[in-house]
Amino acid sequence: MADSMMKFWHGKNVLVTGHTGFKGSWLSLWLQSLGANCVGFSLEPPTQPNIFDVIQISGKMQSIIGDIRDFELLQLTLQKYQPEIIIHMAAQPLVNFSYREPLITYSTNITGTIHLLEAARLTDSVKVIVNITSDKCYQNQELDRGYHEEDSLGGYDPYSSSKACSELVTQAYSYSYLKNKGINVATARAGNVIGGGDWGQNRLVPDVVNACVKQQNISLRYPNALRPWQHVLEPLHGYLTLAKQLYESSPSYTQAWNFGPSEDQDKTVSWLTDALINYWGSGIKWIPNSSELKHETNLLRLNSTKAERFLGWKSQWNIETALAKTVEWYQSYFKEENMQNISLEQIDEFQKTLI
């Protein structure tokens, strides 16, 4: 599998929007390691520190700093670099921020997607687009089963509803314009990812890591919330597999696809916190915090049977391995090791599990 990935991606012109973010940086490094000609379009890295700078990937790609809402700059970028494959990850990704800044959230996640699709429509080189949305695009009904791709879209908060809208916009553009141009388009939905290099605000892993480093107890807003955790490389492998299939196969793959872990990966926020603290070797504790709680689902799980059956994708690392690799990455960072090498080693270890 790893050899076939290298053979396919080597020399491909690929545009990654949102390449300075957590998932975008990991994906860009992976594409570089596969020999792709990678171009990124994104805002400046969202935090300090950030994985984009820490793993030093800008030297091996064309990095365009721009706003996805700037259609003129986005179109110029596509016209200049002529990508064959676009993986669209640029987004406002935070639920809490979306409550404070709904206009930014909707304009980035909906209008930004429209700009990307329109720029691609006007660029002859484009053959494949994968739009990365979210598991939160579903109209969540607290079901005790995983959501299928055919389930209703929705969302209680600005972030979730903006991702549902992004799905609908992508489908409309595909049917109205892109299919007729021979551009295969799909959307990909994943959930809570963990891994080294995440410093996002109000995110569990970086909050626990910071607490361990400072030896301070941590407060949890939703300790009993059940989440399907997976390592960041798991959905990224899904996106790469899907893009390859769209490039090589018929338009029948122009659908929505779930990339979620198996049910045994479902763990509560408190369980994951305790496990991270234990792997770190810290003695800190967590305490519940019920102040300023917004609506948040207690259970959200994806059914990835379709990806397993038709793409041959499945989770590779169990939750224990995912946690161990996450802690290993952060501890290496605080030891001031070469984090690009550490990250490439983890990518290589993951690729060796692919059969």
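Right above here is the structure, for reference.
Notes on the structure follow. (Residues numbered from 1 in each chain as written. Predicted model: local features only at pLDDT ≥ 70, side-chain atom pairs only at ≥ 80, totals over all residues. Heavy atoms only, no water.)

### A closer look at a negative patch on the surface
So the rule is basically this: Patch membership requires over 30% relative accessible area and the absence of a salt bridge. Like charges are linked within 9 Å, and nonpolar side chains (Val, Leu, Ile, Met, Phe, Trp, Tyr) within 5 Å. Using a 1.4 Å probe, the Shrake-Rupley method yields the accessible areas, and only the shown protein chains count as cover for residues. Salt bridges are counted wherever a side-chain nitrogen of Lys or Arg sits within 4 Å of a carboxyl oxygen of Asp or Glu. In this charge count, Lys and Arg are treated as positive and Asp and Glu as negative; neither His nor the chain ends contribute. Taken as the charge location is NZ of Lys, CZ of Arg, CG of Asp or CD of Glu. Only DSSP runs of H or I with at least four residues qualify as helices, and only runs of E with at least two residues qualify as strands; both kinds are numbered from the N terminus onward. When a residue's accessible area, from a 1.4 Å probe over protein chains only, is under 20% of the maximum for its type it is buried; when over 50% it is exposed; and in between it is partly exposed.
A cluster of acidic residues, D144, E263, D264 and E320, forms a negative patch on the protein surface. Within the element layout of this structure, D144 appears in the loop between β5 (128-132) and α7 (158-178). Residue classification places D144 among the exposed residues on the basis of a relative accessible area of 67%.

### Some points on the side chain of D157
Rules: We call two residues in contact whenever any of their non-hydrogen atoms come within 4.5 Å of each other.
Relative to the elements of secondary structure, D157 occurs in the loop between β5 and α7. One buried charge, D157, has no salt-bridge partner; the nearest side chain with opposite charge is K136, at 7.5 Å. For D157, the residues in contact, after removing those within four places along its chain, are V95, S98, Y99 and Y106.

### What about the packing of aromatic side chains?
Put simply, the test is: Pairing of aromatic rings covers Phe, Tyr and the six-membered ring of Trp, with a centre-to-centre limit of 6.5 Å; geometry is then stacked below 30 degrees between planes, edge-to-face above 60, and tilted otherwise.
One pass over the structure, following the stated rule, counts 16 aromatic pairs. Ring centres 5.0 Å apart and planes at 50 degrees place the aromatic pair Y173 and Y177 in the tilted group. A residue pair is termed a helical-turn pair when its members lie 3 or 4 positions apart in one helix, as Y173 and Y177 do in helix α7 at 4 residues. Residue classification places Y177 among the partly exposed positions, given a relative accessible area of 37%. Measuring from ring centre to ring centre gives 5.5 Å for W329 and Y330, while their planes differ by 80 degrees; the resulting arrangement is edge-to-face.

### Notes on helix α9 (residues 233-248)
Just so we agree on the cut-off: Multiplying 1.5 Å by the helix residue count minus one yields the expected span of that helix.
With 16 residues, α9 should cover 22 Å at 1.5 Å per step; its first-to-last C-alpha distance of 22 Å lies within 8% of that length. Within α9, 14 of the 16 residues are buried, which leaves the element mostly enclosed by the surrounding structure.

### Quick notes on the side chain of T273
Selection rule: Here a polar contact means two N or O atoms within 3.5 Å. Within protein one must be a hydrogen donor candidate and the other an acceptor candidate, and residues neighboring in sequence count only if both atoms are side-chain atoms.
As for its position among the elements, T273 is in helix α10 (residues 269-280). Judged by its relative accessible area of 0%, T273 falls in the buried class. For T273, the side chain forms a polar contact with the main-chain oxygen of V269, separated by 2.8 Å. Here T273 is in contact with L204, V208, I218, L220 and W286, once residues within four sequence places are set aside.

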